[in-house]
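Chain residues, written in single-letter form:
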Amino acid sequence: MATAVERRVRISRVAGRYLVFDIDDVLYIRRHHCICAVLTGTMPQNPTQNLFLSLPVELQAEEAQLLVDTGAGYIADELTDHMSRLSTTMDECTRKAYLQHIKQQRRNAQRVFEEEKAKVQAMHQNKRKANKPSSSTPSTEPAPAAVTEEDNLLFDNPKPTLPPSTTIPKEKEFSLPGVTPTTSYPLLPISTTPPAAPASSASTDAATLSSYPLYKYLNSRGYYTTPGLRFGGDYSVYPGDPFRYHAHYLANSYRWDEEVAMLDLVTSGRLGTAVKKSFLFGAEKPGGQQSGVDGAGEVRVFCIEWAGM
Amino acid sequence: MASQDHLASLCKVVLNNLEYQHDWTQLQQHTRAGLSRPLLYGLPPKRLYVHPDEQIDIIKAEKDRGERIPQEPEVEWVLPVHLSEKWSPAQFAAVFDGIEAIPPGGAEQEASEGEEREEQWRLWRGPKRGKRILLATVQDDSTVTYYWIFDGLVKPRQN
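- Under an unreviewed UniProt entry, the name given to chain B is tRNA-splicing endonuclease subunit Sen15 domain-containing protein, and the organism recorded is Parathielavia appendiculata.
- What the UniProt record of chain B gives under Sequence similarities (unreviewed entry) is the line "Belongs to the SEN15 family."

- Where an unreviewed UniProt entry is consulted, chain A appears under the name tRNA-splicing endonuclease subunit Sen34, with the organism given as Parathielavia appendiculata.
- Recorded in UniProt for chain A, the comment headed Sequence similarities (unreviewed entry) runs: "Belongs to the tRNA-intron endonuclease family."

See the structure below:
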């Protein structure tokens, strides 16, 4: 249980979507935080039915916000994190050190490359020498100790003092590996401002979502939610894990003073009854600073069902 | 003035519909300072709503007794609205805050037959009864459709 409390779920924010990639995290938030979210992973070439989707799990903004609020998770904003890491290298001495490091790597690579090349050349040379006595053609060099020389060449660092009659062209020897840039244009604008916030404390934009209070209200009572678009609402609300229960409600969130057409309530109520659910709508009462510890106001919910008469 | 007339005629339509089409009795109009419009209450000919948990309690009690328990109708609240109206959650909250769970007259009805011992299923007609209102939506052609609206999370019936 202690480990469960300390666990912090990494929520990757990629292109405005909240994704969880760790299967243990997915299990954890499902068991302990009543969040089942939506599996989205599929093969791009062969998209499957949504019954067979896999990781990553995509959280709704409300769910991500709830995990951040309860301290059970943190948002890893890929973009801002990437940018902030990049811009630290723009600091002058870090940048110099980095460039120095790259140059050093380049020199090392160059040296290794030269050594390899010399070895290969020497090996070819020796093979040629070994072959030549059998063919009994006159060679440019006497090769009595070819084998022993080759043995030495394998372990010593030979000087590339090869005779000019070898077939290996000498000109190519100086085409050294360069450091290839990994991007074709600069990643950062030249005058970069320091990034706003560290990734772990970054909040979602769900705090401004009007449906967050209702979501929090339902989640705090142990209800699971799934996206409710298939019933024309914001959420389908389950009294437990959706594997075990049918949804009890289809839920919509409104603002406290939002004028809702009676026809919408009636049609949603009728649809809900038709699928054995109740239509739930709720709103947060504004100015509830005396009631909520976290500044959240009281949430009032109402359920509508067809009366059957 | 026009809106008062509108509300009065709305109430009348619903009242007549309940009385003559749905055979309700003891229909009364209820006005109170906190309410934005008059509410109705009355006694339907048969019981209109049984909470799913109450249903379980009734079935348990019936099993213990070995006989069916007759379900007497309860007095219910009715809120007349027109289908073209727009209501905010704040207005619904105000209506629910302005009423008791059991309409006037409903408590006496329960008390007269409540001399028996306290049984779980019976509590649903008294202290365990949540606030609920029958939403009577009137259309231009004077069709009235009825929906339950409950205060708080009330699970759906097993219908």
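**What to know about the confidence of the model for chain B**
Stage number 1. Of all residues in chain B, 90% attain a pLDDT of 70 or more, and the chain-wide mean is 83.
Stage number 2. Interface confidence for the predicted complex, given as ipTM, is 0.85, next to a pTM of 0.66.

**Focus on the interface of chain B and chain A**
Stage number 1. Listed as interface residues are 35 residues of chain B and, on the opposing side, 36 residues of chain A.
Stage number 2. Approximately 3100 Å² of surface area, both sides summed, lies buried where chain B meets chain A, with 64% of it carried by carbon and sulfur atoms.
Stage number 3. The three residues of chain B that bury the most area against chain A are Pro89(B), Tyr147(B) and Leu153(B), which together make up 24% of that side's buried surface.
Stage number 4. Linking chain B to chain A there are 3 salt bridges.
Stage number 5. Ionic pairing is found between Arg157(B) and Glu305(A), a salt bridge with its closest N-O pair at 3.2 Å.
Stage number 6. Where chain B touches chain A, the interface holds 14 residue pairs in polar contact (both at pLDDT 80 or more).
Stage number 7. For the side of chain B that touches chain A, the secondary structure elements donating two or more residues are strand S3 (76-82), strand S4 (86-87), helix H3 (89-97), strand S5 (132-138) and strand S6 (144-151) of chain B.

**Considering the sheet that holds strand S2 (residues 17-20) of chain A**
All names here are of chain A.
Stage number 1. On the basis of which strands lie adjacent, the open sheet formed by 5 strands has the order S3-S4-S2-S1-S5 and mixed pairing. With one partner strand each, in any of the chains shown, strand S3 (38-41) and strand S5 (73-77) form the two edges of the open sheet. Ignoring strand direction, the axes of neighbouring strands in this sheet form an average angle of 40°.
Stage number 2. The pairing of strand S1 (residues 9-14) with S5 spans 5 bridges and is parallel. Residue pairing for S5: Arg10 is matched across the bridge by Tyr74.
Stage number 3. Strands in contact with helix H3 (residues 61-69) are S1, S2, strand S4 (54-59) and S5; relative to S5, the strand with the most contacts, it is inclined by about 120°.

**Comments concerning the UniProt feature "active site" (unreviewed entry) in chain A**
All names here are of chain A.
Stage number 1. Taken from the UniProt record, the annotation "active site" (unreviewed entry) applies to Tyr238, His246 and Lys277. Separation in sequence by 40 residues is not matched in space for these annotated residues, since their most distant C-alpha atoms are only 10.1 Å apart.
Stage number 2. Residue placement: Tyr238 occurs in strand S7 (residues 235-238).
Stage number 3. Those residues in contact with Tyr238 that lie beyond four places of it in its chain are Tyr223, Tyr224, Thr226, Tyr245, His246, Ala247 and His248.
Stage number 4. Following the sequence through the fold, His246 ends up in the loop between S7 and strand S8 (249-253).
Stage number 5. If we ignore the near neighbours within four places in the chain, the residues touching His246 are Tyr238 and Pro239.

**Let's talk about the nonpolar core**
Residue and element names in this part refer to chain A.
Stage number 1. Ile11 and Leu59 are the most contacted members of the largest nonpolar core, which totals 50 residues.
Stage number 2. Ranked by residue count, the leading element in this core is helix H7 (residues 212-220), at 5 residues.
Stage number 3. When residues are assigned to domains, this core turns out to be shared by domain 1 (1-115 + 180-206) and domain 2 (210-309), each giving three or more.
Stage number 4. Apart from residues lying up to four places away in sequence, Leu59 is in contact with Ile11, Tyr18, Val20, Ile29, Ile35, Ala37, Ala64 and Leu67.

Calculation notes
- Residues numbered from 1 in each chain as written.
- Chains lettered and ligands numbered in written order.
- Predicted model: local features only at pLDDT ≥ 70, side-chain atom pairs only at ≥ 80, totals over all residues.
- Heavy atoms only, no water.
- UniProt positions renumbered as here; feature names shortened; annotations may be inferred.
- pLDDT = per-residue confidence, 0-100.
- Contact = heavy atoms within 4.5 Å.
- Buried area = accessible area lost by both parts, 1.4 Å probe.
- Salt bridge = Lys/Arg side-chain N within 4 Å of Asp/Glu carboxyl O.
- Polar contact = N/O pair within 3.5 Å; in protein donor to acceptor, adjacent residues only side chain to side chain.
- Helix = DSSP H or I, 4+ residues; strand = E, 2+ residues; numbered from the N terminus.
- Pairing = 2+ DSSP bridges.
- Axes fitted to C-alpha atoms, helices over the stretch in contact; angles between N-to-C directions.
- Core = buried A, V, L, I, M, F, W, Y, C linked by side-chain atoms within 4.5 Å.
- Buried < 20%, exposed > 50% of the residue type's maximum accessible area, 1.4 Å probe, protein only.
- Domains from an automatic or database assignment.

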